[in-house]
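# Descriptive analysis of the structure
Here are the chains, one letter per residue:
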Amino acid sequence: MTDTDPRELESIAVDLAREAGALARQRRSEGVSIAATKSALADIVTEADREVEALIRSRLRELRPTDGFLGEESDADPGTSGITWVVDPIDGTVNYAYGIPFYAVSIAAVRGGADPESWTPLAGAVYVPSLDEMFRAAQGAGAWLDERRLQVEADASAAGALLATGFGYDPATHAGDLGRVSRVMPIARDIRRMGAASIDLCSVAAGRVDGYFERGLKPWDHAAAGLIVTEAGGRFELFPADETGRVLVVAAIPGIFERLSTLAQP
């Protein structure tokens, strides 16, 4: 293996996600302290978010000191190796703060910098501490849930597609989000809204939902899980930003991807 071998990077991501997830679970059991708000009053940061990201960043500095780093809670570092680690320490922070068990640690290694349009995903891990589920993938080596290889179905059932989505924190965007749900409902069996984008995306890979769409995700929300979707045979794509600057993310099984993408825009 080389220092850019996707399987080696995947192994690192898995180990760090599991360690970070254990810390997040421990801090959740001790009680959550809100550290700040971000883009909107509802968009919170907990002390655990910052502590978990600091742990991951410290471990990566020891293991791969020349790599870049892009995290949700700290300053970006471009590095010099051409590899960047893209990290969401606790995806689903509001769930986490409320004691809802759907939150995850997401860690990806990409070739390139901070712009998803220009990077190549190499490896990723999404760990759900409350369920002890590890989703993982390496470029060209498939996607896995623990030791089970993931492979999406070709198409949805005759009953329609089970879809997942999410909503932005800014109240000004809610009408557009609800309009998007209304437009996709003709192909939907039902809609799920779990509150953690990485889990929603991995649910596509695992066959738990047929598709997922949302505007406004950040690079760390989808860096690992997008690769997991494509390595499971699904389709994942970023579509142009709307007037508010929010990029549209769509992931789905092949049979519904084109129609879902069309309906979810603008």
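Rules of the game
Residues numbered from 1 in each chain as written. Predicted model: local features only at pLDDT ≥ 70, side-chain atom pairs only at ≥ 80, totals over all residues. Heavy atoms only, no water. Pairing = 2+ DSSP bridges. Helix = DSSP H or I, 4+ residues; strand = E, 2+ residues; numbered from the N terminus. Axes fitted to C-alpha atoms, helices over the stretch in contact; angles between N-to-C directions. Contact = heavy atoms within 4.5 Å. Buried < 20%, exposed > 50% of the residue type's maximum accessible area, 1.4 Å probe, protein only. Polar contact = N/O pair within 3.5 Å; in protein donor to acceptor, adjacent residues only side chain to side chain. Expected span 1.5 Å × (residues − 1). Bend = angle between axes of the 7 residues up to and from the residue. Core = buried A, V, L, I, M, F, W, Y, C linked by side-chain atoms within 4.5 Å. Salt bridge = Lys/Arg side-chain N within 4 Å of Asp/Glu carboxyl O. Phe/Tyr/Trp six-rings, centres within 6.5 Å; stacked < 30°, edge-to-face > 60°.

Before going further, it helps to spend a moment on the sheet that holds strand S5 (residues 104-111). Taking strand neighbours across the sheet as the criterion, the 7 strands line up as S3-S4-S5-S6-S7-S8-S9 in an open arrangement whose pairing is mixed. At either end of the open sheet lies a strand with only one pairing partner, and these are strand S3 (68-71) and strand S9 (148-150). Between one strand and the next, the sheet's axes are offset by a mean angle of 20°, whatever the strand orientation. One ladder, built from 3 bridges, connects strand S7 (residues 133-138) with strand S8 (residues 143-145); its direction is antiparallel. Opposite Arg-136, over in S8, you have Trp-144 as the bridge partner. Packed on one face of the sheet, helix H2 (residues 47-63) meets S3, strand S4 (83-91) and S5 and runs near 155° to S4.

Within the fold, Ala-143 resides in strand S8. In this structure the C-alpha to C-alpha distance between Ala-143 and Ala-123, which are 20 residues apart in sequence, comes to 9.8 Å. Apart from residues no more than four positions distant in its own chain, Ala-143 is found in contact with Arg-136, Ala-137, Arg-148, Arg-149, Leu-150, Ile-228, Glu-231 and Ala-232.

Another aspect to go through is unusual backbone geometry. The backbone of Asp-132 shows a phi angle near 50°, a positive value even though the residue is not glycine. Relative to the helices and strands, Asp-132 is located in the loop between strand S6 (120-128) and S7. Under the relative-accessibility criterion, Asp-132 is labelled partly exposed at 42%. Positive phi is not limited to glycine here, since Asp-146 has a value of about 55°. Exposure remark for Asp-146: the relative accessible area of 29% places this residue in the partly exposed category.

Relative to the elements of secondary structure, Asp-221 occurs in helix H6 (residues 219-231). At 2.7 Å, the side chain of Asp-221 and the backbone nitrogen of Lys-218 are in polar contact. Those residues in contact with Asp-221 that lie beyond four places of it in its chain are Asp-88, Asp-91, Ala-197, Ser-198 and Leu-201.

The next thing to look at is the sheet that holds strand S10 (residues 161-165). Hydrogen bonds between backbone atoms are what pair the strands of a sheet, whose relative direction is either parallel or antiparallel. Pairing within the open sheet is mixed, and its 5 strands lie in the order S11-S10-S12-S14-S13. At either margin of the open sheet sits one strand with a lone partner, and together these are strand S11 (188-192) and strand S13 (235-239). Along the sheet, successive strands turn relative to each other by an average axial angle of 20°, direction set aside. For strand S12 (residues 211-215) and strand S14 (residues 248-252), the ladder comprises 5 bridges, and the chain directions are antiparallel. Residue pairing across strands places Tyr-212 opposite Ala-251, the latter belonging to S14. Each of S13 and S14 touches H6; the most contacted strand, S13, lies at about 140° to it.

Taking 1.5 Å of rise per residue, the 13 residues of H6 would be expected to cover 18 Å, and the 18 Å separating its terminal C-alpha atoms lies within 8% of that figure. The sharpest bend along H6 reaches about 30° and sits at Ala-225. The element H6 is extensively covered by neighbouring structure, given that 12 of its 13 residues are classed as buried. Every buried residue of H6 is accounted for by Pro-219, Trp-220, Asp-221, His-222, Ala-223, Ala-224, Ala-225, Gly-226, Leu-227, Ile-228, Val-229 and Glu-231. At the exit of H6 stands Gly-233, carrying a positive phi of roughly 95°.

Okay, the nonpolar core next. Inside soluble globular proteins, nonpolar side chains tend to come together where they are buried. Of all hydrophobic cores here, the largest spans 55 residues; its most connected members are Phe-135, Leu-163, Phe-213 and Leu-260. If you look at the next biggest cluster of nonpolar residues, it comprises 29 residues, including Ile-12, Ile-83, Ile-90 and Met-134.

Now for the pattern of salt bridges. Using the criterion set out here, one finds 15 salt bridges in the structure. Residue Arg-208 is joined to Glu-133 by a salt bridge in which the shortest nitrogen-to-oxygen separation is 2.8 Å. Separated by 75 residues along the polypeptide, Arg-208 in the loop between helix H5 (197-205) and S12 and Glu-133 in strand S7 bring together distant segments of the chain. A relative accessible area of 14% places Glu-133 in the buried class. Through salt bridges with shared partners, one network takes in Asp-177, Arg-180, Arg-215, Asp-242 and Arg-246.

Within this structure, the stated rule accounts for 2 aromatic pairs. Ring geometry for Tyr-96 against Tyr-103: centres 4.8 Å apart, planes inclined by 80°, an arrangement best described as edge-to-face. One exposure class covers both Tyr-96 and Tyr-103, and it is buried.

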